[in-house]
Amino acid sequence: MTAGNDSVLELLPMVFAAPGDALSRAEGVLDTDPTPLHASVAHQVIGIWQRDWGDMRLALDHLRRARDLAARADSAEREADVLGTLGVALVHAGRTRQGLAAFERGVERGTGHTRARVMYRRAYSLWVLGHHREALEDVRRTIPVLRQADDVIWTARALTLRATVHLALGAVERAEADFTAAEALWDTTGQEHDKADAVESRGLAAFRSGDVPAALRLLDEAEERYAKLGTPTFMLNIRRCEVLMAAGLAPEALAEADAAIGVLDGIGGQSTRKAELLLTAARAARLAGDPGTAIARAAVAERLFAGQRRTWWETHARLVLIEARVATGRGSGRLVADAARLAERLASFQAPAAPQAWLLAGRIALDLNWTTDAERYLQIAARSRRSGPPLARMTGWAAQALWARATGSGRGVLEACRRGLDVLDDHRTTLGASELRARATAQGAELAALAQEVSLERGGPRQLLVWSERWRATALSTPPTRPPADPALLSGLTAFRVIAARAEAARMDGRPVPTLEREQRRLEREVRSRTLHIRGVTPWGGDRFGGDRFDAGRLLEGLGDGRLVELAVLDGRVQVLLCGGGRVRRFPGGLLAEAEREAEHVQAGLRRLAHPGAEARLPVVEAAGRRLEELLLGEAARHLGPGPLVVVPPARLHRVPWALLPSLRERVVSVSPSASGWLRARETEPPPGGRQVLVRGPGLASCGAEVPEVAGRYGRPIVLEQEDAHVSRVLQELDGAALAHIAAHGTFRGDSPMFSSLRMADGPLIVHDFERLARSPYRIILSSCDTARLASVGADELLGLVTALLPLGTAGVLASSAPVNDAAVVPLMLALHKGISAGLSLAEALRDARAALPDDALHQATGWAFTAFGAA
């Protein structure tokens, strides 16, 4: 390390090019008995490193020493530069008044280029404080001076900051222009940390413009760049949490925010970032349905922001606090006034959250029957429906719908709900991953519920059916988007499979598996991350009903002599919509919560009955089936007619074994996530060639004994036996098959439903694998445990093996929603294929197969556990 002035000053830009090297070289300078000027630079470098990635107390100590040494060196420019750095640190430490005073002193001491750098830092701090207009004015004055000095690095920083302030004010197009200009400058430098920050900023811009997959991809790329530099990523954590919340992944956002707070506390990091992370955690907790945690996090954030003199941020924390309190049922006149004052303040800040606050005030006022106040607040909130990002426009349409409801305009409610859900559908077309599409529906739950309520009150059963379909299983209306060939995704899936297989083998041998499990979780995160980056390209169709508009007349015609029962849920109670015989009738059902509890009791009983010696549980299970029928069908059970029946349950009732209900035991019954989905399945043509594929995976107690006998029923089926049943070969043969039968162990992953799997010879065949099929089998039989288990997400969506197949060309699925006895499955499957080979549908063959089973508890429970989905 030379002691030349230029070489020491080079340490300052190095902090954001190679942070670790800059820190060690600065410490080396201090070991050489440097001059006050050089020591000032070295302490400033160490202070910057500690400020952004270490301990704030150490940062302030080094920066104060750097300031004093600059004064001793009698260098006004050096002192001004250090004062700018110190000002940022003081603001981040929550010492706002001292920080602003340091900036004033720095502006006074510096001239020209140096003063512009100080003003840039002040602009940055003003942005941190939420003083966006003042920040914009400072950075606008700074950019021309930096450009004139041909200071590429600081000009790029200033453009990035101006873009970030534009985003805070809702000016997305201006922000994108500045981000593009800044990135072009960064490409000419070696500032690796600043380059990572530029990628992060582009991710933020993508999010603000409504492109969630691009935002996730860019933020993940930025994180990889930061990881190579070894620097923490607290701001990135905050931004990614915002995107996760918008994508319906609030629990993940809460976990990430809390983890980042723990890391920040561990290093004694910036107080400002801690407050922002607490606010982010509060928002995530509220969206995740945990108002208690939201209140706790928001209250601490509000106190920190107040102490830091960050009014803009304090106001946002207060908004979340009120929202969480209202979620606990604490609505009051005082909260109405608080929410209205917050809305006015947010509007004065030009904050995008202002409509959200007006909507909150309107909602509370409505609950208190303060109609005049509610109408005023809702009308203001409704102005946001015409412009801005999708979720902001949905806020506006929700306000419009509530305002129409308050004024007694049923037509106005339905029109606002339709327009709002159209906005959400447009947003969801940008999402390629089926998981994101499903989870994003939660954003429209209120609009859907309002439309259903008005339909129930004023429109009659047919209109209620139309609105129930408008919102039911819409994520299944189109297949997930798949890139032509993503080598990284395929590589990740292969690596995951290898590790998962090794972990399973170790468990069976009784060997410890923590290391393998950690690696498996890491690979799962990588695979999931790749799928969430995929952008949607498939249009929803004419008017966003997942293709053609749902036509109740077409449904009634398609049913013929059969019936379809769609279960809608309004205010926690089941409404039974019985379709058939040329009309739609409504019957009241029971409480959804009671039905869910009863379904869980049934599942517990079926688990017991899957083992010999549990015959005494059979009457208990049958009694639960009778109670379920009363709750779910009520009077409608006596009007089902003799023909086949299609059941369309809400997502939360997906585990009901419908064949257990007394009036359905001897009927042909199939289940569909939606009436529209049943119509699509019914109209799906089988593939040419009629190819059958039979797969027998490893580890079954019965060894998949039905497979050889089933093979004899078909001409020349493709049979993949145990060691030949490798995932790649299985997928190759399944693609476009007419019929597939897979006898393999099934595992449902409630924590991560897209990793629910079937065990093959080389590891698990997961949902993500099925989504790679160009066309899944026309009919598929999954003769193993839990293959029909699904995760309820979003508003009324399901994720799991069955729902992965339905959008990909499968017209009929047979699967089990409960553990089954492997040996008892064999006679059921043999009887089932007897019916299929004779030309029966899956539902018809399943009805006859149950009747052919031995009349004992074990075989009865096995038959009840299986359900036919779809229409083939």
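Refer to the structure presented above.
Let us look at the structure shown here. (Residues numbered from 1 in each chain as written. Predicted model: local features only at pLDDT ≥ 70, side-chain atom pairs only at ≥ 80, totals over all residues. Heavy atoms only, no water.)

1. Comments concerning the nonpolar core
At step 1: In terms of nonpolar packing, the biggest core is built from 130 residues, with Trp127, Leu161, Cys417 and Leu436 touching the most fellow members.
At step 2: Top contributing element to this core by residue count: helix H8 (residues 112-129), with 10 residues.
At step 3: Once you skip the residues sitting within four places of it in the chain, Leu436 turns out to touch Val212, Leu216, Ala247, Leu249, Leu431 and Leu532.
At step 4: By size, the runner-up hydrophobic cluster in this structure holds 100 residues, among which are Ala636, Ala740, Met754 and Leu790. (Core = buried A, V, L, I, M, F, W, Y, C linked by side-chain atoms within 4.5 Å. Buried < 20%, exposed > 50% of the residue type's maximum accessible area, 1.4 Å probe, protein only. Helix = DSSP H or I, 4+ residues; strand = E, 2+ residues; numbered from the N terminus. Contact = heavy atoms within 4.5 Å.)

2. A look at the sheet that holds strand S10 (residues 757-760)
At step 1: Pairing is antiparallel across the open sheet formed by 3 strands, whose spatial order is S9-S10-S11. Unpaired on one side and paired on the other, strand S9 (746-747) and strand S11 (763-766) mark the two borders of the sheet.
At step 2: Against the sheet, helix H27 (residues 487-509) touches S10 and S11, its axis set at about 130° to S11.
At step 3: On top of the sheet, helix H34 (residues 727-734) reaches S10 and S11; it is set at about 30° to S11, its chief contact. (Pairing = 2+ DSSP bridges. Axes fitted to C-alpha atoms, helices over the stretch in contact; angles between N-to-C directions.)

3. Some words on helix H16 (residues 271-287)
At step 1: With 17 residues, H16 should reach 24 Å at 1.5 Å per residue; the first-to-last C-alpha distance of 25 Å fits that figure.
At step 2: For H16, the buried fraction is high: 12 of the 17 residues fall into the buried class.
At step 3: Of the positions making up H16, those classed as buried are Thr272, Arg273, Ala275, Glu276, Leu277, Leu278, Leu279, Thr280, Ala281, Ala282, Ala284 and Ala285.
At step 4: In this fold, the buried residues of H16 make contact with helix H6 (76-92), H8, helix H14 (234-246), helix H15 (250-267), helix H17 (291-307) and helix H18 (311-327).
At step 5: Following H16 by one or two positions, Gly289 has its phi on the positive side, about 80°. (Expected span 1.5 Å × (residues − 1).)

4. Considerations on the pattern of salt bridges
Where charged atoms of side chains with opposite charge meet at close range, the side chains can pair.
At step 1: Within the structure shown, the criterion is met by 57 salt bridges.
At step 2: The salt bridge involving Glu446 is made with Arg363; its shortest N-O contact spans 2.3 Å. A residue pair is termed long-range when its members are at least 10 positions apart, and Glu446 in helix H25 (residues 445-459) and Arg363 in helix H20 (residues 354-367) qualify at 83 residues.
At step 3: You can call Arg363 partly exposed: its relative accessible area is 29%.
At step 4: A salt bridge links Arg729 to Glu733, with the nearest nitrogen and oxygen atoms 3.1 Å apart. Here Arg729 and its partner Glu733 are both found in helix H34, 4 residues apart, which amounts to about one turn of the helix.
At step 5: Judged by relative accessible area, which is 34%, Arg729 ranks as partly exposed. (Salt bridge = Lys/Arg side-chain N within 4 Å of Asp/Glu carboxyl O.)

5. Re the packing of aromatic side chains
Any two aromatic rings considered together are summarised by their centre-to-centre distance and by the angle between their planes.
At step 1: Here the structure, examined in full by the defined rule, presents 8 aromatic pairs.
At step 2: Consider the rings of Trp49 and Trp53, whose centres lie 6.2 Å apart with planes at 70°: the pair is edge-to-face. In this pair, Trp49 and Trp53 both sit in helix H4 (residues 36-53), 4 residues apart, roughly one turn of the helix.
At step 3: Given the relative accessible area of 21%, Trp49 is considered partly exposed.
At step 4: Ring plane angle 25° and centroid distance 5.6 Å describe the contact between Phe305 and Trp313, whose orientation is recorded as stacked.
At step 5: Ring-pair connections join several aromatic residues into one group, and the members of that group are Phe16, Trp49 and Trp53. (Phe/Tyr/Trp six-rings, centres within 6.5 Å; stacked < 30°, edge-to-face > 60°.)

6. Considering the environment of Ala815
At step 1: Of note, Ala815 is situated in strand S15 (residues 812-816).
At step 2: You can call Ala815 buried: its relative accessible area is 0%.
At step 3: Put simply, Ala815 and Leu391 are 424 residues apart on the chain and 37 Å apart in space, counted from C-alpha to C-alpha.

7. Focus on the packing of H8 against helix H9 (residues 132-148)
At step 1: One way to put it is that H8 packs onto H9 with a least axis distance of 8 Å and a crossing angle of 155°. The angle between H8 and H9 falls in the class roughly antiparallel. In this structure, the crossing between H8 and H9 has a hand that is left-handed. For the pair H8 and H9, contact is made by Gly112, His113, Ala116, Arg117, Met119, Tyr120, Arg122, Ala123, Leu126 and Trp127 and by His132, Glu134, Ala135, Asp138, Val139, Arg141, Thr142, Val145 and Leu146, respectively.
At step 2: Its residues assigned to classes, the contact of H8 with H9 shows 10 nonpolar, 4 polar and 5 charged. (Parallel < 35°, antiparallel > 145°, perpendicular 65-115°, else oblique. Left-handed = near helix turned anticlockwise from the far one by under 90°. Nonpolar A, V, L, I, M, F, W, Y, C, P; charged D, E, K, R; others polar.)

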